[in-house]
Structures are given as C-alpha cells and as structure tokens.
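Reading the structure
So you can see what is in the structure, the chains are spelled out below.
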Amino acid sequence: MSTLKEKKVVLGSYTAGSGLKAALAMKPNEVIQQLIDSGLRGRGGAGFPTGLKWRFAANQKDPVKSVICNADEGEPGTFKDRVLLIDHIEKVLDGMAIAAYAIGAKEGYIYLRGEYTHMISALEAQMEKYNKKKLPFEFRLSLRMGAGAYVCGEEFALIESMNGNRGEPRNKPPFPVQKGYLEKPTLVNNVETYATVSHILVKGADWFAGLGTDKSKGTKIFSISGDVERPGVYEFEMGVKLSEILEFAGAKDTKSVQVGGFSGINVAKDQFDRPVAFGELPPGGSIIVFNKDRDMLKVLKNMLEFFEEESCGQCTPCREGTYQLLKGINMIERGEKSVKYFKELVTLCEVMKDSAKCGLGQSVPNPFLSIVENFKDEILYK
Ligand SMILES: Cc1cc2nc3c(=O)[nH]c(=O)nc-3n(C[C@H](O)[C@H](O)[C@H](O)COP(=O)(O)O)c2cc1C
Ligand code: SF4
C-alpha cells in the first residue's frame, strides 16, 4: 500500500494517542485556542479557519452534538484521504476525538466515499478498537457510507444523506455547526484536517504557524496524477512552487496543470513558478498534469461531462449552466457557433459563479474559463 512521499519530513511520525493525550491535558477552550493560534485552515477545499469553526461549534448550547469526518473524496484526481485513512488512521481518529472533546460532542462519524468499499472492514475494526478505549469523556465512532455522488462531499448534502434524505446542499445559514446532522450542531472537517490537528496538539501552535506562508500555515498533502513519472501522494510545505512539485513528481514536457481538481484552475507554463497556497494557486488535494500530447478540448469536455452528470439539479444556474457550457463547447468544436457565442458562455460562467447555490455550480467556470483562456488557439480558432 502506498505511503506518503514527503519532500521534507514535516508533519513527521506520530505516536497513536499522543495528540489526544496532549489535548486532554488542556481545557477544551485551550485546545481550540491552540488551533486558532496555529492558523490551520480546513483541508477540504474552502480553507475555513479550523479553530474558529470549532469555537462556533463549542458555543452551541445544545448538549447533543456530533463530529463528522468528511471522507467523501469525490474530487477527480484526489486520493490523499484514502492514504491517510489506510496508513495513518490513528491520526485521523485522534483528531476526531480531540474535536469531540473540544466542542462537547458524543458521537463521531466517518462519512466514506461510496467507491471505497474495500476499506470498510479495516476502518470498522479500527473504530471498534477506538470505541473500547477508556476515555475521560463519552465518545463513540461509527461509519456511514456515501452512495457515489460527488455533491455529497458538500457538507450539507453529506448531512442530508446521513439524515436519510436526498443528498442536496442547503441554503446557509444556519450552518452545520448550528443545525446539521439530525438538526443538531455538527462539526464537519476533512480527513486531512483531523490528521493535522493531532500533530498540532503534539508539537504546538507555534511550530505549525512557523511553516508555510502568512495566509497558509503548515503543510499540505497533494494527490499527484497524470503525465508524471512518479504519481502518488506527497506532502509539501504551503507556498511550494508548482514547478518544484512538478520536478519532484517527474513531470516532463508539461503543457498545463489542473490545480485543485476539476473544480480548481488550469495553470499554463508561464505560471508554473507561482506558489501553491491560499490566495495563490488553490491548495486543493489534487494536481493533474497534462503533457504536450494532450488535447485540451477533450480534457475540458471530460470535465464538463463530469459536472453535468454530478450536478444535483436543484438550482437552475448549475443544472442548466453545466448543460449549456457542454453543449456550447461541442458546437464550437463542430464549427457551428462563433467566437461571439463563446463570449455568451463567458457571461454564463459569471452568472453561475454568482448565483449557483453551492460550490459545485460556482466552480464549474474555473476549469472552463482557465482552459479556454490558456488554450484559445487550440480550442476556439483551430
Ligand atoms: C461539490 C463539493 C464537493 C465537496 N467534496 C468534499 C470532499 O470530498 N471532502 C471534503 O473534505 N470536503 C469536500 N467539500 C467541502 C465541504 O463542503 C466542507 O467545506 C469541508 O468538508 C469542511 O472541512 P474542512 O473545514 O476541514 O475543509 C466539497 C464541497 C463541494 C461544494
Ligand atoms: S450548484 Fe449544482 S450541485 Fe449545487 S445545489 Fe445547485 S444544482 Fe445542486
């Protein structure tokens, strides 16, 4: 089974239980303050400050609360959470227990991607073992399975599916920390976020805040795939240049790189020296490399087909928008529409960004606009 390939050993090794032990030596609000001081931002994509989210959850008066580990990992090209769950489960479960202690939750759930059925028995065994630990607070872990919908990685769609409803995003507020699973306060964090919390509790907020950049502290784990000699799961310090990542993974004759998965942006050669960090190239979990032989029109169509298929259909800008973008690009390919028509698709993208209900519809324009901008000649004028 694959293990992390680290550029520098930063997070490093971890002794099972050590993060939780450090947390239990503090009061719950001190644990949360550690996370605030560390500058940790969620590793599931949006980058919300983890400590602040935990404080909102802790401040909820309702005594029934839960923590959820978002292991839906549906973003194409992302497989780092799978590696964490298989090879580093002790960090993830400790992170969930630390969260439960900090916010006062009694239940913890791992929501696992529907396609990861091969991991069920090992995960259940680990969780059962954890449930037998004698903790100084009540906490019980269990596993919930997704059914293969990408949108169910969105926190409210995930919660709705756990509630037994259609997995669809809801309007916010109220946020999950206010009204989530079973309409009770619910903390949702990514697998990597929980794993990172365990390290921060052991090594301290200052250590973590000393890594990375001003706005992006610590390290980040990336799944690297596509046209590289050494695909796999890598850990880099935030702020690493994309060119360094490419060199490390053995990319040759690279034409462009999709940073942050399909919902991220396409980066052309002249931008390879930019850093990967919040506020720069998006530090999502996935980096997909395309070499000089790739047809970027085919790549774009593949992405749009994915989004059209995965749109939950609840709101018009996304349901109709993804359909129209795909239809438009097919027509441009067949020479049936003009460049003027393409400009209308750009306007449609702006509408989608502003008015789609959730991150799925809001992000479809990212690959569309960046790929067409980077490869205008190849896509529009060939
Ligand atoms: C369409 C869509 C899919 C998502 N998929 C995931 C996912 O697979 N895993 C994940 O952790 N977050 C995913 N998210 C982000 C979650 O909604 C949420 O922000 C995240 O789980 C919060 O955890 P964090 O603060 O630790 O990042 C997705 C969001 C959207 C809009
Ligand atoms: S943006 Fe797309 S996925 Fe999100 S709620 Fe609207 S239709 Fe559903």
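So, here's what we can say about the structure. (Residues numbered from 1 in each chain as written. Chains lettered and ligands numbered in written order. Predicted model: local features only at pLDDT ≥ 70, side-chain atom pairs only at ≥ 80, totals over all residues. Heavy atoms only, no water.)

Focus on the overall build of the protein chain
Across its full length, the protein chain carries 16 helices and 10 strands. For 382 residues, the compact-globule estimate of 2.2 N^0.38 gives 21 Å, and the C-alpha radius of gyration of the protein chain, at 21 Å, lies within 12% of that figure. Referenced to the eigenvectors of the C-alpha coordinate spread, the extents of the protein chain come out at roughly 70 × 45 × 35 Å. Among the 382 residues that make up the protein chain, the fraction classed as buried is 54%. Counting only contacts in the protein chain whose residues sit at least 6 apart along the sequence, the fraction spanning at least 24 positions is 69%. Of the roughly 16,300 Å² that the protein chain leaves accessible, carbon and sulfur atoms contribute 50%. In the protein chain, the 51 positive side-chain charges and the 49 negative ones have mean positions that sit 3 Å from each other. (Helix = DSSP H or I, 4+ residues; strand = E, 2+ residues; numbered from the N terminus. Rg over C-alpha atoms; globule rule 2.2 N^0.38 Å. Buried < 20%, exposed > 50% of the residue type's maximum accessible area, 1.4 Å probe, protein only. Contact = heavy atoms within 4.5 Å. Areas by Shrake-Rupley, 256 points an atom, 1.4 Å probe, with all protein chains shown as cover. Lys, Arg positive; Asp, Glu negative; His and termini not counted. Charge placed at Lys NZ, Arg CZ, Asp CG, Glu CD.)

Observations regarding the nonpolar core
With 50 residues, the main nonpolar core has W54, L85 and I110 as its most contacted residues. When residues in this core are grouped by element, the largest group, 11 residues, is from helix α5 (residues 89-103). Contact partners of L85, with chain neighbours within four places excluded, come to A71, V92, I110, L112, M119, L123 and V191. Residues M331, L345, M352 and C358 belong to the second largest nonpolar core, which totals 46 residues. (Core = buried A, V, L, I, M, F, W, Y, C linked by side-chain atoms within 4.5 Å.)

Some points on the packing of α5 against helix α8 (residues 191-203)
Remark: α5 packs on α8, axes separated minimally by 7 Å, with the N-to-C direction vectors making an angle of 80°. When the axis of α5 is compared with that of α8, the two are roughly perpendicular. Counting all contacts with α5, which are made through K91, V92, D94, G95, M96, I98 and A99, the residues of α8 involved are V191, Y194, A195, V197, S198, H199 and L201. Looking at the contact of α5 with α8 residue by residue, the classes come out as 9 nonpolar, 3 polar and 2 charged. (Axes fitted to C-alpha atoms, helices over the stretch in contact; angles between N-to-C directions. Parallel < 35°, antiparallel > 145°, perpendicular 65-115°, else oblique. Nonpolar A, V, L, I, M, F, W, Y, C, P; charged D, E, K, R; others polar.)

By themselves, these observations are geometric and do not establish any function.
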